[in-house]
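Results of the structural survey
Below are the chains, spelled out letter by letter.
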Amino acid sequence: IDAGGIANPATFVTGEKTITASSVQVVTDTTAMLNGVNIKGHPRNEDHIYIKNDDTASSGYPLGAGEELFLDVDNLNKVYVYADQTGLTACYIYR
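Read on for a plain summary of the structure. Note that this is a predicted model, so its numbers are computed, not measured. (Residues numbered from 1 in each chain as written. Predicted model: local features only at pLDDT ≥ 70, side-chain atom pairs only at ≥ 80, totals over all residues. Heavy atoms only, no water.)

**Concerning the overall build of the chain**
Looking only at helices and strands, one finds 0 helices and 10 strands in the chain. Computed over the C-alpha atoms, the radius of gyration of the chain is 14 Å, within 12% of the 12 Å expected from 2.2 N^0.38 for a compact globule of 95 residues. Projected onto the principal axes, the alpha-carbon positions of the chain cover approximately 45 × 25 × 20 Å. Across the chain, the centroid of the 6 positively charged side chains sits 3 Å from that of the 12 negatively charged ones. (Helix = DSSP H or I, 4+ residues; strand = E, 2+ residues; numbered from the N terminus. Rg over C-alpha atoms; globule rule 2.2 N^0.38 Å. Lys, Arg positive; Asp, Glu negative; His and termini not counted. Charge placed at Lys NZ, Arg CZ, Asp CG, Glu CD.)

**Some points on the side chain of Asn-75**
Mapped onto the elements, Asn-75 comes out in the loop between strand 8 (68-71) and strand 9 (80-82). You can call Asn-75 buried: its relative accessible area is 10%. Among the polar contacts listed, one links the side chain of Asn-75 to the backbone nitrogen of Thr-31, at a separation of 2.9 Å. Residues in contact with Asn-75, not counting those within four places in the same chain, are Asp-29, Thr-30, Thr-31, Ala-32 and Met-33. (Buried < 20%, exposed > 50% of the residue type's maximum accessible area, 1.4 Å probe, protein only. Polar contact = N/O pair within 3.5 Å; in protein donor to acceptor, adjacent residues only side chain to side chain. Contact = heavy atoms within 4.5 Å.)

**Let's talk about the sheet that holds strand 8**
Read from one edge of the open sheet, 4 strands run 3-10-5-8, paired in antiparallel fashion. The open sheet has two free edges, formed respectively by strand 3 (13-19) and strand 8, since each of these has just one partner strand. On average, each strand axis in the sheet is tilted by 20° relative to the strand beside it, whichever way the strands run. (Pairing = 2+ DSSP bridges. Axes fitted to C-alpha atoms, helices over the stretch in contact; angles between N-to-C directions.)

Structure (structure tokens):
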């Protein structure tokens, strides 16, 4: 499908990142994206995860279990996640 002269991506990628009690990149490799990324707090999370743009261990944009955020970034390695406890998960999908 061609939407306004811009071809839609033919595929998408999903994944999860388990978060330790520190700030970590969602992915460390260069991961170019066509249309940004959706990040969601895993439905089973017992606390908030925080979305950040650096590796400092402090709060960022909070996402509770099942809450979602779209980030219009060109590379997934620019996105960091933080949690106050271990065992939480961030889910993502990008095109």
